[in-house]
Amino acid sequence: MRGELRTPGEPFKRLFIALPCTEQQCRAIGKWRSTLGITRGRPVPAANFHLTLMFLGEVGVSRLPALCDAMAAVPRPEGPLRLELDRLVAWHRADALVLEPTQTPVALRQWVYALQQALLPLGVEDSVREFRAHLTLVRDYPGDVPETPEPPAFRLNIDDFVLFESSGGRYKPIAQWPLA
Ligand code: 3AM
């Protein structure tokens, strides 16, 4: 049976699960983005760059321990996860300009699927979406892909994953787990 993520009146947090970027990676990607001369849309602050695995939405604080237990119980891929963000893509339906890897590691896809399955009984709606690895550079981006003076080639070695709270445009880590 499906659980409820939140009971009416209960305090809640708006949560998502993501792969974090290091400060150095954020700086490098932000610097590269500034070479694109983008004048439209809302740039994501470089300090907020991340790769969302699942958006959980509003979760009642009483559900947090069960949620963290369920996430932690899913076998994780062995770290570091290697990803190369090498494609700049405009997502027209989501109005977002994103960086994507041409190759998403199979271990990452399988793990996200397992996380989705594990969180479905808790009432996580995003569990039914197909995962597409990406890092959002600009939101509300209306156009096509801009010219890239330098093609993107950001190699990420990811050692852990994070449960983030999204609040007032800021992302706060709530819990963090190392990859296996
Ligand atoms: O990493 P990205 O930018 O793709 O778009 C939001 C962001 O994903 C997404 O959750 C991440 C952290 O904010 N998000 C926000 N609201 C959402 C919603 N209602 C959502 N994803 C799905 N449904």
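Model, not experiment: these values are computed from the prediction. (Residues numbered from 1 in each chain as written. Predicted model: local features only at pLDDT ≥ 70, side-chain atom pairs only at ≥ 80, totals over all residues. Heavy atoms only, no water.)

Student: What is the right way to look at the environment of W111 in this model?
Tutor: As for its placement among the helices and strands, W111 is situated in helix 3 (residues 106-119). Between the alpha carbons of W111 and L163 there is a distance of 15 Å; along the sequence they are 52 residues apart. Dropping the residues within four chain positions of it, W111 is found in contact with L19, L53, V74, P75, R76, P77, F161 and L179. (Helix = DSSP H or I, 4+ residues; strand = E, 2+ residues; numbered from the N terminus. Contact = heavy atoms within 4.5 Å.)

Student: In this structure, what is going on with the pairing of strand 9 (residues 170-178)? I would like to understand it.
Tutor: The side chains of a regular strand alternate between the sheet's two faces. Here eight bridges tie strand 8 (residues 160-167) to strand 9, and the two strands are oriented antiparallel to one another. Bridging from a neighbouring strand, D160 pairs with P178 of strand 9. A loop of two residues connects strand 8 with strand 9, the two strands running antiparallel in sequence, and G168 in this loop sits at a positive phi of about 55 degrees. (Pairing = 2+ DSSP bridges.)

Student: Looking at this model, I keep getting lost on the site of the ligand. Mind explaining?
Tutor: The ligand sits among R14, F16, H50, T52, F55, R129, H134, T136, R139 and Y171. Note that a nitrogen atom of the ligand is positioned 3.1 Å from one of the side-chain N or O atoms of R14. Contacts to the ligand include T52, whose side-chain N or O atom sits 2.4 Å from an oxygen atom. For the ligand, whose unbound accessible area comes to 480 Å², protein coverage reaches 69%. (Near = heavy atom within 4 Å. Polar contact = N/O pair within 3.5 Å; in protein donor to acceptor, adjacent residues only side chain to side chain. Areas by Shrake-Rupley, 256 points an atom, 1.4 Å probe, with all protein chains shown as cover.)

Student: Help me understand the sheet that holds strand 8 in this model?
Tutor: Through backbone hydrogen bonds, the strands of a sheet pair up, either in parallel or in antiparallel fashion. Reading across the sheet, the four strands line up as 3-1-8-9 and stay open at both edges, with antiparallel pairing between neighbours. Looking along the sheet, the strands with just one partner apiece sit at the ends: strand 3 (50-60) and strand 9. For this sheet, the mean inter-axis angle between neighbouring strands, taken without regard to orientation, is 25 degrees. As paired strands, strand 1 (residues 12-20) and strand 3 are joined by nine bridges and run antiparallel to one another. Bridged to F12 within strand 3 is G60. Across the face of the sheet, helix 2 (residues 64-73) comes into contact with strand 1, strand 3, strand 8 and strand 9 while running at roughly 150 degrees to strand 8. (Axes fitted to C-alpha atoms, helices over the stretch in contact; angles between N-to-C directions.)

Student: Can you help me understand helix 3 in this one?
Tutor: Counting along an α-helix, one turn takes 3.6 residues, and residues three or four places apart therefore face a common direction. For helix 3, built from 14 residues, the straight-helix expectation of 20 Å at 1.5 Å per residue is met to within 8% by its first-to-last C-alpha distance of 20 Å. Listing the buried residues of helix 3 in full gives L108, W111, V112, L115, Q116 and L119. An end-on view of helix 3 places all buried positions within 140 degrees of arc, on one side of the element. Across helix 3 from its buried face, at more than 90 degrees, point the exposed residues V106, Q110 and Y113. Along its buried surface, helix 3 packs onto strand 1, strand 3, helix 2, strand 4 (81-91) and strand 8. (Expected span 1.5 Å × (residues − 1). Buried < 20%, exposed > 50% of the residue type's maximum accessible area, 1.4 Å probe, protein only. Arc of directions from axis to C-beta.)

Student: Just to check I follow, could you spell out the layout of surface pockets for this structure?
Tutor: Empty space left among the atoms is revealed by rolling a probe the size of a water molecule over them. Approximately 930 Å³ is the volume attributed to the largest pocket. Going through the elements one at a time, strand 1, strand 3 and strand 6 (135-139) are the ones with two or more residues in the lining of the largest pocket. Tallied by class, residues from the lining of the largest pocket come to 11 nonpolar, eight polar and nine charged. As for the second largest pocket, its lining consists of P20, C21, T22, E23, C26, A47, N48, F49, H50, F164, R170 and Y171. Going through the elements one at a time, helix 1 (23-34) and strand 9 are the ones with two or more residues in the lining of the second largest pocket. (1 Å grid on protein atoms, 1.4 Å probe; cavity = no way out; pocket = protein on both sides within 12 Å on 5 of 7 lines; lining within 4 Å. Points joined across faces, edges and corners; volume = space filled by probe spheres on them. Nonpolar A, V, L, I, M, F, W, Y, C, P; charged D, E, K, R; others polar.)

Student: Looking at this structure, how should I read the sheet that holds strand 5 (residues 96-101)?
Tutor: In space, the five strands of this open sheet follow the order 2-6-5-4-7, with antiparallel pairing throughout. Of all the strands in the sheet, just strand 2 (42-43) and strand 7 (154-158) have a single pairing partner and so form its edges. Here helix 1 sits on the sheet in contact with strand 2, strand 4, strand 5, strand 6 and strand 7, set at roughly 160 degrees to strand 7.

Student: Honestly, the pairing of strand 5 in this entry has me stumped. Any pointers?
Tutor: Most of strand 5 sits inside the fold, with six of its six residues counted as buried. Of the two faces of strand 5, the one holding A96, V98 and E100 and the one holding L97, L99 and P101 are both buried throughout. Where strand 4 meets strand 5, six bridges bridge the pair, whose relative direction is antiparallel. Along strand 5, the bridge assignment pairs L88 with L99. Turn length for the strand 4-strand 5 hairpin, with the two strands adjacent in sequence and antiparallel, is four residues, and the turn residue D95 shows positive phi of about 50 degrees. The pairing of strand 5 with strand 6 spans four bridges and is classified as antiparallel. If you follow L97 over to strand 6, its bridge partner there is V138.

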